[in-house]
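Structural overview for review
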Amino acid sequence: MNEVIQPFQRRFLRAYHSGKFDRLVFSAPRGQGKSWLASRCLADALTPGHKTFKPGTESAFAAASVEQSRIVFRYLRRMLGDSDYRWLDSNQKIGVTHKATGTAARALSSRGHTAMGIVNSNLIVLDEPGAMDPAAGELLRDAIETAKSKPGSPLISVYIGTLAPLRSYWWKELIDGGGPDTYVQALVADPAKWRHVSELRRVNPLVRKFPKEWSKLLRMREQALSDPAAEAVFRSYHLNLHSLDRREALIQSDQWEAVLNRVPPPRVGKPIIGVDMGLSRAWSAAVALWENGRCESIAVCPGNPTIDDQERRDKASRGLYARLVERGLLVPDSEGRREPPPSVLIDLIFDTWGPPARIVADRMKYAGVLDAVRDRCLVEERKVTPDRMTDDITCLRQMTDVNGSLAVESESAKLLTTSLLFARVNTKQGGTVILLDKDGNHNLGRDDCAAALILAAGAWVRAHRQRRTGGTAPTELLWVG
């Protein structure tokens, strides 16, 4: 077997063979040999005499599709050959067994509930976990990590895939994480340098070895520089950056990351607060913006169903909502109601931030908010027409650009991020109207914080505009300090 192993592949295999880590994570753009690397790990665990070989154990492999599993097992078959191994490939099962020792590997279903009860496993490899169904991938990850926690378990878990499309937070958290028992190797472009050929070359070390493929990649780069749709695809799959179509993204992920890296200034004076009151089982959210750009957020959710049930319904990462509850950012209705009244969120606003400069509410929810406020502060009614929504979204984007003032308090970042990274907008009439797309937020189903932030940002920018124009607007629309 003649294999030319690239330096980045050798580094990962060296970490795998060292035995120092029980979890290994590798992320790279498309075409960087990730499926080959998954096959190599499995082949080593099935090769007698190799340090990772443990006779009689069973390794497992899972991918987002059956065809992807077959691709990996075809690589594996070329690596191992047929003479010492028995191969199985049917509609129901895909696997291989070492004839002499019974050491085996099989393809797992990507459905997590069928993976529970993993025993006698030496190695489990997940290929493209970010492309799996969010709930199924989370269950599968939990099944693997539960099996590893059993006393004396020799199990090593290997996660290999592209960051985009990002459908599950747990996969991004693995790439961003680490720890003494975890090895992470990620070929991810610097968002600020995505246009640079040198950065493209750095994160695509394997593709540049093949002149025809490299030329194709350069042509794709040229198209991405002028076409927003092509840019999203290029950044996602060839630079390993989580990217949304710039015509659909409320805020680009790299732009939001830059906002989160800003150090928020302290609270000064009274904030402007945007509120989004949820109906039925939806959340109600509030976003506070101080005059210096400091941003905080809180939300109220139904007391029924439970937090765990809401996570499963929204296909959110397991434990995400519970962590928000622990931090006090998400408050379940104490009386167990499926639709908390506006007073629950409004009282929480005053308890958390004190009397605000004013509260901005959608016209549809204005009456309920006004009743709950009870003359404690000014409530501004914002009729969400297409032109006003466009203006508010433009204001938010202005606050998040490189010269913007928005700076998010660290505890609020998770709550806002779960909503903003997946919020979509519809651009109509040649780009003159931008609307928050209520049907496009398929992943987490949480557009509440995004809607509240849009209202707050619009009011914040209008207040600053009015101040700069010398007070031509009514006094009640200016900052109250």
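Structural data are supplied above this passage.
Of the regular secondary structure elements, the protein holds 16 helices and 17 strands. A fraction of 67% describes how many contacts in the protein between residues 6 or more apart in sequence connect residues 24 or more apart. Per element, the accessible surface of the protein, about 21300 Å² overall, is 50% carbon and sulfur.

Take the packing of aromatic side chains next. According to the stated counting rule, one finds eight aromatic pairs in the structure shown. For the pair Phe61 and Phe73, a centre-to-centre distance of 6.3 Å together with 75° between the ring planes defines the contact as edge-to-face. Here Phe61 is found in strand E2 (residues 58-63), whereas its partner Phe73 is found in helix H3 (residues 66-80), with 12 residues between them in sequence. Residue Phe61 shares its accessibility class with Phe73, and that shared class is buried. Counting every residue linked through ring pairs, the aromatic cluster contains Phe8, Phe12, Phe21, Phe26 and Tyr183. Over the aromatic face of Tyr237 sits the side chain of Arg30, whose NZ or CZ is 3.7 Å from the ring centroid.

Scanning the model with the defined rule gives zero disulfides in all. The structure places no disulfide on Cys449, whose sulfur is separated from the nearest cysteine sulfur, that of Cys295, by 9.3 Å. The buried category is assigned to Cys449, whose relative accessible area is 1%.

A cis amide bond links Asn304 to the next residue, Pro305, at an omega of 10°. Its place among the elements puts Pro305 in the loop between strand E11 (294-301) and helix H10 (307-314). The phi angle at Glu128 is positive, at roughly 50°, despite the residue not being glycine. Checked against the element boundaries, Glu128 lands in the loop between strand E6 (121-127) and helix H4 (134-148).

The subject of this paragraph is the environment of Gly278. Mapped onto the elements of the fold, Gly278 is located in the loop between strand E9 (272-276) and strand E10 (284-289). Residues contacting Gly278, with those up to four places away along its chain left out, are Trp283, Ser284 and Glu339.

Over its 15 residues, helix H14 (residues 386-400) runs 21 Å from end to end, which matches the ideal 21 Å to within 8%, given 1.5 Å per residue. Among the residues of H14, Met389, Thr390, Asp392, Ile393, Cys395, Leu396, Met399 and Thr400 are the ones counted as buried.

Topologically, Asp127 is positioned in strand E6. In this structure Asp127 is buried but unpaired, with Lys34 as the nearest side chain of opposite charge at 6.7 Å. Within the local environment of Asp127, its side chain forms a polar contact with the side chain of Ser35, the two groups lying 3.4 Å apart. Setting aside anything within four residues of it in sequence, one finds Asp127 in contact with Ser35, Phe61, Ala62, Ala63, Ala64, Gln68, Val72, Met132 and Ile160.

Judged by nonpolar contacts, the single largest core of 48 residues is most densely connected at Phe12, Leu24, Leu76, Leu123 and Val125. In terms of residue count, the dominant contributor to this core is helix H2 (residues 34-45) (seven residues). Of all hydrophobic cores here, the second largest spans 39 residues; its members include Cys295, Leu416, Ala423 and Val461.

Considering the arrangement of structural elements, one finds Asn204 in the loop between helix H6 (197-203) and helix H7 (211-224). From its side chain, Asn204 meets the backbone oxygen of His238 in a polar contact 2.9 Å long. When sequence neighbours within four positions are dropped, the list of residues in contact with Asn204 reads Pro29, Arg30, Gln32, Leu217 and His238.

Packed helices, taken two at a time, are described by the angle between their axes plus the distance between the axes. Orientation of helix H12 (residues 342-353) relative to helix H13 (residues 366-373), taken along the N-to-C sense of each, is 50°, at an axis distance of 9 Å. Taken together, the axes of H12 and H13 are oblique relative to one another. Between H12 and H13 the crossing geometry is right-handed. Two secondary-structure elements touch here, H12 through Pro342, Ser343 and Ile346 and H13 through Gly368, Val369, Ala372 and Val373. Of the residues assigned to the contact of H12 with H13, the class counts are five nonpolar, two polar and no charged.

What follows covers the sheet that holds strand E1 (residues 23-27). Pairing within the open sheet is mixed, and its eight strands lie in the order E3-E4-E5-E2-E6-E7-E1-E8. The open sheet terminates on both sides in strands that have one partner only, identified here as strand E3 (85-89) and strand E8 (182-186). In this sheet, adjacent strand axes meet at a mean angle of 10° when their direction is disregarded. The sheet contact formed by strand E4 (residues 94-98) and strand E5 (residues 104-108) spans three bridges and is antiparallel. Across the sheet, Thr97 pairs through a bridge with Ala104, a residue of E5. Seen against the sheet, H3 touches E2, E3, E4, E5 and E6 and runs at an angle of roughly 25° to E4.

Procedures and definitions
- Residues numbered from 1 in each chain as written.
- Predicted model: local features only at pLDDT ≥ 70, side-chain atom pairs only at ≥ 80, totals over all residues.
- Heavy atoms only, no water.
- Helix = DSSP H or I, 4+ residues; strand = E, 2+ residues; numbered from the N terminus.
- Contact = heavy atoms within 4.5 Å.
- Areas by Shrake-Rupley, 256 points an atom, 1.4 Å probe, with all protein chains shown as cover.
- Phe/Tyr/Trp six-rings, centres within 6.5 Å; stacked < 30°, edge-to-face > 60°.
- Buried < 20%, exposed > 50% of the residue type's maximum accessible area, 1.4 Å probe, protein only.
- Lys NZ or Arg CZ within 6 Å of the ring centre and 35° of its normal.
- Disulfide = S-S within 2.5 Å.
- Expected span 1.5 Å × (residues − 1).
- Lys, Arg positive; Asp, Glu negative; His and termini not counted.
- Salt bridge = Lys/Arg side-chain N within 4 Å of Asp/Glu carboxyl O.
- Polar contact = N/O pair within 3.5 Å; in protein donor to acceptor, adjacent residues only side chain to side chain.
- Core = buried A, V, L, I, M, F, W, Y, C linked by side-chain atoms within 4.5 Å.
- Axes fitted to C-alpha atoms, helices over the stretch in contact; angles between N-to-C directions.
- Parallel < 35°, antiparallel > 145°, perpendicular 65-115°, else oblique.
- Left-handed = near helix turned anticlockwise from the far one by under 90°.
- Nonpolar A, V, L, I, M, F, W, Y, C, P; charged D, E, K, R; others polar.
- Pairing = 2+ DSSP bridges.

Honestly, that's just the spatial picture; any functional story needs more than this.
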